[in-house]
Amino acid sequence: EYADADRSMLELVFAPATREVGADRNWIGASDAEVVAACLGELSRLFPGEIGGEGGAELLKHAVVRTPRSVYAATPGRNRYRPSQATPVPNFVLAGDWTSQKFLGSMEGAVLAGKLAAEVIADRAAGRAAATSQTLKPVHEEVVAAAEGAAPREPVGVRGR
């Protein structure tokens, strides 16, 4: 369906998508036409002469897919709360897009976190000191204080035991 020597396919990820996670407006609640218009406007701003207009690229079809909780707000200072792959527990490391690495919560972040976790394991097995990027991050005092009074809750969307 997409194979055409004279045409190209473009896929965009729009994030953050709601005010709660840092967007200037609620893009999840916007119509498909508003999302497409905003994307085309930004593309024509970034690539004048290439999008729309005389001889420019033309949108032939589109699909807007909404995944409300796909990414978090990438606000300054957020990474300090993401745990490192190294942990104080012997033979236990962490991996996942939610751990400390340079990407947002994404497939790329998960892959990089897995690579970093493997490096921690290899360094420990070889008796090498951990790389500076892999040193154990301390738990922030405000996180510990907030957790002291917390009561366990059932996770949302989990069924059965």
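Report follows, based on the coordinates.

Calculation notes
The numbers attached to residues start from 1 for each chain and follow its sequence in the written order. The predicted origin of the model limits local features to residues at a pLDDT of at least 70 and limits the giving and counting of side-chain atom pairs to 80 or more, whereas totals for whole chains, interfaces and linings rest on all residues. Only hydrogens and water are removed before side-chain values are computed, so all heavy atoms of the structure are retained for them. Centres within 6.5 Å make a pair out of two Phe, Tyr or Trp rings, where for Trp the six-membered ring is used; the pair is then stacked when the planes are under 30 degrees apart, edge-to-face when over 60, and tilted otherwise. Charge over a ring is defined by NZ of Lys or CZ of Arg lying within 6 Å of the ring centre and within 35 degrees of the ring normal. We count a stretch as a helix when DSSP gives it H or I for four or more residues in a row; a strand needs E for two or more, and each element gets its number in order from the N terminus. Between the first and last residue of a helix there are one fewer steps than residues, each counted as 1.5 Å, and that sum is the expected span. Type-normalised accessible area, obtained with a 1.4 Å probe on protein chains alone, sets the label of each residue: buried when under 20%, exposed when over 50%, and partly exposed for intermediate values. Arc definition: directions from the helix axis to the C-beta atoms. Here the term patch refers to residues with relative accessible area over 30% and no salt bridge, with like charges joined within 9 Å and nonpolar side chains (Val, Leu, Ile, Met, Phe, Trp, Tyr) within 5 Å. Per-residue accessibility takes into account occlusion by the displayed protein chains alone, with areas from the Shrake-Rupley method and a 1.4 Å probe. A pairing counts as a salt bridge when a side-chain nitrogen of Lys or Arg comes within 4 Å of a carboxyl oxygen of Asp or Glu. Any two residues whose heavy atoms approach within 4.5 Å are treated as being in contact. Residues scored as positive are Lys and Arg, those scored as negative are Asp and Glu, and His as well as the terminal groups of each chain are ignored. We call two N or O atoms a polar contact when they sit within 3.5 Å, provided that within protein one can donate a hydrogen and the other can accept it, with sequence-adjacent residues counted only if both atoms are side-chain atoms.

Details of the packing of aromatic side chains
So, step 1. With the rule as written, the count across this model stands at 0 aromatic pairs.
So, step 2. Seen from the ring of tryptophan 27, arginine 25 lies directly overhead, with NZ or CZ sitting 4.2 Å from the centre.

Here's the deal with helix α2 (residues 107–126)
So, step 1. For α2, which comprises 20 residues, the first-to-last C-alpha distance of 29 Å matches the rise-based estimate of 28 Å (1.5 Å per residue) to within 8%.
So, step 2. Those residues of α2 that sit buried are Gly109, Leu112, Ala113, Leu116, Ala117, Val120 and Asp123. The buried residues of α2 occupy one face: seen down the axis, they fall within an arc of 145°. Of the exposed residues in α2, those oriented more than 90 degrees away from the buried face are Met107, Val111 and Ala125.

Here's the deal with a nonpolar patch on the surface
So, step 1. On the surface, Tyr81, Val139, Val143 and Val144 cluster together into a nonpolar patch covering about 320 Å² of accessible area.
So, step 2. Position of valine 143 among the secondary structure elements: in helix α3 (residues 141–148).
So, step 3. Overall, valine 143 belongs to the partly exposed group, its relative accessible area being 37%.

A word on the side chain of aspartate 123
So, step 1. Along the chain, aspartate 123 falls in helix α2.
So, step 2. The contacts of aspartate 123, once residues within four sequence positions are left out, are Arg128, Ala129, Ala130 and Ala131.

Let's talk about helix α1 (residues 32–46)
So, step 1. An ideal rise of 1.5 Å per residue puts 21 Å on 15 residues; α1 measures up with 21 Å between its terminal C-alpha atoms.
So, step 2. Within α1 the residues assigned to the buried category are Val35, Val36, Cys39 and Leu43. In a view along the axis of α1, the buried residues occupy a sector of 95°, so they form one face of it. Facing away from the buried side of α1 by over 90 degrees, the exposed positions are Ala33 and Arg45.

Details of the side chain of arginine 82
So, step 1. In this fold, arginine 82 is placed in the loop between α1 and α2.
So, step 2. Here arginine 82 occupies a buried position and makes no salt bridge, while the nearest side chain of opposite charge, aspartate 97, is found at 6.3 Å.
So, step 3. A polar contact of 3.2 Å, which involves the side chain of arginine 82, links it to the backbone oxygen of threonine 99.
So, step 4. At a separation of 3.3 Å, a polar atom in the side chain of arginine 82 contacts the main-chain carbonyl oxygen of phenylalanine 103.

With respect to the pattern of salt bridges
So, step 1. Following the criterion strictly, the structure yields 5 salt bridges and no others.
So, step 2. Across the salt bridge formed by arginine 25 and glutamate 34, the nearest N and O atoms sit 3.3 Å from each other.
So, step 3. On the basis of relative accessibility, which here comes to 36%, the residue glutamate 34 falls in the partly exposed class.
So, step 4. Between arginine 128 and aspartate 123 there is a salt bridge; the shortest N-O distance is 3.0 Å.
So, step 5. In this structure arginine 128 comes out as partly exposed when scored by relative accessible area, which is 49%.
So, step 6. Under the relative-accessibility criterion, aspartate 123 is labelled buried at 14%.

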